[in-house]
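Understanding the architecture of this molecule
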Amino acid sequence: MRLTTKGRFAVTAMIDLALRDEGGPVTLAAISERQRISLSYLEQLFGKLRRHSIVESVRGPGGGYTMARTLETVTVADIIAAVDEPLDATMCGGKENCHETGRVGGGLVEGAQKGQCMTHDLWATLNHKMHEYLQSVTLAHLVRQQRDRERELAAQVATGATPAAGNVQNVIVDRRKAGGPRTPVTA
């Protein structure tokens with residue numbers, strides 16, 4: 001069981017939007033370019049996010065998307081639910097009919113029990129724990145985490161240290177304060 005691309009892209013795009021929201025509406029084209037996510041895919045995701053009142057659209061020149069709620073009130077679980085991302089480790093989708101889905105040749109396997117499989121409670125508990133965790137992580141937390149990473153990377157570059165692999169892509173560090181040129185850094 002994994003979080004699919006839909007959920008990953010939705011959370012990534014929302015972090016991107018939240019990082020830039022204070023400057024006014026953010027275009028999906030800009031998010032698409034920065035995050036390398038298809039523009040048409042973002043349009044689908046943001047339509048769902050708008051219908052769930054997580055983002056608002058602004059039409060016309062200078063338009064784009066803004067946050068509809070404060071970053072503290074938007075959780076990762078909200079984002080994933082808004083884009084219809086199922087997070088379910090059970091075979092039955094929580095219907096407790098695990099054995100009934102295991103059909104062979106159009107019928108139930110002979111001698112199979114109807115109802116829950118032996119590990120249903122294990123996977124149902126995992127679902128609960130995942131939802132509980134994702135509900136505890138706010139967009140505000142993820143934005144703070146991203147800004148901390150960017151500051152850490154900027155400090156590494158300013159001191160001449162080599163940035164660790166996997167850090168923020170395409171961060172621009174203003175080294176003019178230290179007498180140097182603006183230096184693009186890619187991880």
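In this report, the structure presented in the accompanying data block is examined. (Residues numbered from 1 in each chain as written. Predicted model: local features only at pLDDT ≥ 70, side-chain atom pairs only at ≥ 80, totals over all residues. Heavy atoms only, no water.)

**Description of the overall build of the protein**
The secondary structure content of the protein amounts to 6 helices and 6 strands. When the helices and strands of the protein are placed in sequence order, the string is α-α-α-β-β-α-β-β-α-α-β-β. For the protein, buried positions account for 34% of its 187 residues. Counted over contacts in the protein with a minimum sequence separation of 6, partners at least 24 positions apart contribute 52%. About 11500 Å² of surface is accessible on the protein, with carbon and sulfur atoms providing 51% of the total. (Helix = DSSP H or I, 4+ residues; strand = E, 2+ residues; numbered from the N terminus. Buried < 20%, exposed > 50% of the residue type's maximum accessible area, 1.4 Å probe, protein only. Contact = heavy atoms within 4.5 Å. Areas by Shrake-Rupley, 256 points an atom, 1.4 Å probe, with all protein chains shown as cover.)

**A look at the side chain of Ser-32**
By the secondary structure assignment, Ser-32 is in helix H2 (residues 28–35). Leaving out residues up to four positions away in the same chain, Ser-32 has contacts with Ile-37, Ser-38, Leu-39 and Leu-42.

**Quick look at the pairing of strand E2 (residues 64–67)**
Of the strand pairs in this sheet, strand E1 (residues 55–58) and E2 are connected by 4 bridges, and their pairing is antiparallel. Bridged to Val-55 within E2 is Met-67. (Pairing = 2+ DSSP bridges.)

**Description of the packing of helix H1 (residues 5–20) against helix H3 (residues 39–51)**
Where H1 meets H3, the closest approach of the two axes is 10 Å, and the angle between their N-to-C directions is 80°. The orientation of H1 relative to H3 falls into the category roughly perpendicular. The segment H1 lies against H3, with Thr-5, Lys-6, Phe-9, Ala-10, Ala-13, Met-14 and Leu-17 engaging Tyr-41, Leu-42, Leu-45, Phe-46, Lys-48 and Leu-49. (Axes fitted to C-alpha atoms, helices over the stretch in contact; angles between N-to-C directions. Parallel < 35°, antiparallel > 145°, perpendicular 65-115°, else oblique.)

**Some details on the packing of aromatic side chains**
Scanning the entire structure with this criterion turns up 2 aromatic pairs. For the pair Phe-9 and Tyr-41, a centre-to-centre distance of 5.8 Å together with 85° between the ring planes defines the contact as edge-to-face. You can see Phe-9 sitting in helix H1 and its partner Tyr-41 sitting in helix H3, a full 32 residues away along the chain. The partly exposed category is assigned to Phe-9, whose relative accessible area is 27%. When its relative accessible area of 24% is taken as the criterion, Tyr-41 is described as partly exposed. (Phe/Tyr/Trp six-rings, centres within 6.5 Å; stacked < 30°, edge-to-face > 60°.)

**Brief notes about the nonpolar core**
Across soluble globular proteins, you tend to see nonpolar side chains buried next to one another. Core analysis: the biggest nonpolar cluster contains 32 residues, and Met-14, Leu-17, Phe-46 and Leu-49 have the highest contact counts within it. Sorting the residues of this core by element identifies H1, H2, H3, E2, helix H4 (76–82) and helix H6 (139–158) as the ones contributing at least two each. Considering each element in turn, this core owes the most residues, 8 residues, to H1. Apart from the residues lying within four places of it in its own chain, the contact partners of Leu-17 are Val-26, Ile-31, Phe-46, Val-55, Tyr-65, Thr-66 and Met-67. (Core = buried A, V, L, I, M, F, W, Y, C linked by side-chain atoms within 4.5 Å.)

**Section: H2**
When we look at burial in H2, the residues that qualify are Leu-28, Ile-31 and Ser-32. Projection of H2 onto a plane perpendicular to its axis shows the buried side chains occupying an angular sector of 100°, all on one side. Phi turns positive, to about 55°, at Arg-36, one or two residues after H2. (Arc of directions from axis to C-beta.)

**A few points about the packing of H1 against H6**
In a packed pair of helices, the relevant descriptors are the angle between the two axes and the axis-to-axis distance. The N-to-C vectors of H1 and H6 enclose an angle of 75°; their axes lie 10 Å apart at closest approach. Relative to H6, the element H1 lies roughly perpendicular. Together, Val-11, Met-14, Ile-15, Ala-18 and Leu-19 of H1 and Leu-139, Leu-142, Val-143, Gln-146, Arg-147 and Glu-150 of H6 make up the contact between the two elements. Taken together, the residues of the contact of H1 with H6 sort by class into 8 nonpolar, 1 polar and 2 charged. (Nonpolar A, V, L, I, M, F, W, Y, C, P; charged D, E, K, R; others polar.)

As far as function goes, none of this settles anything; it's purely spatial.
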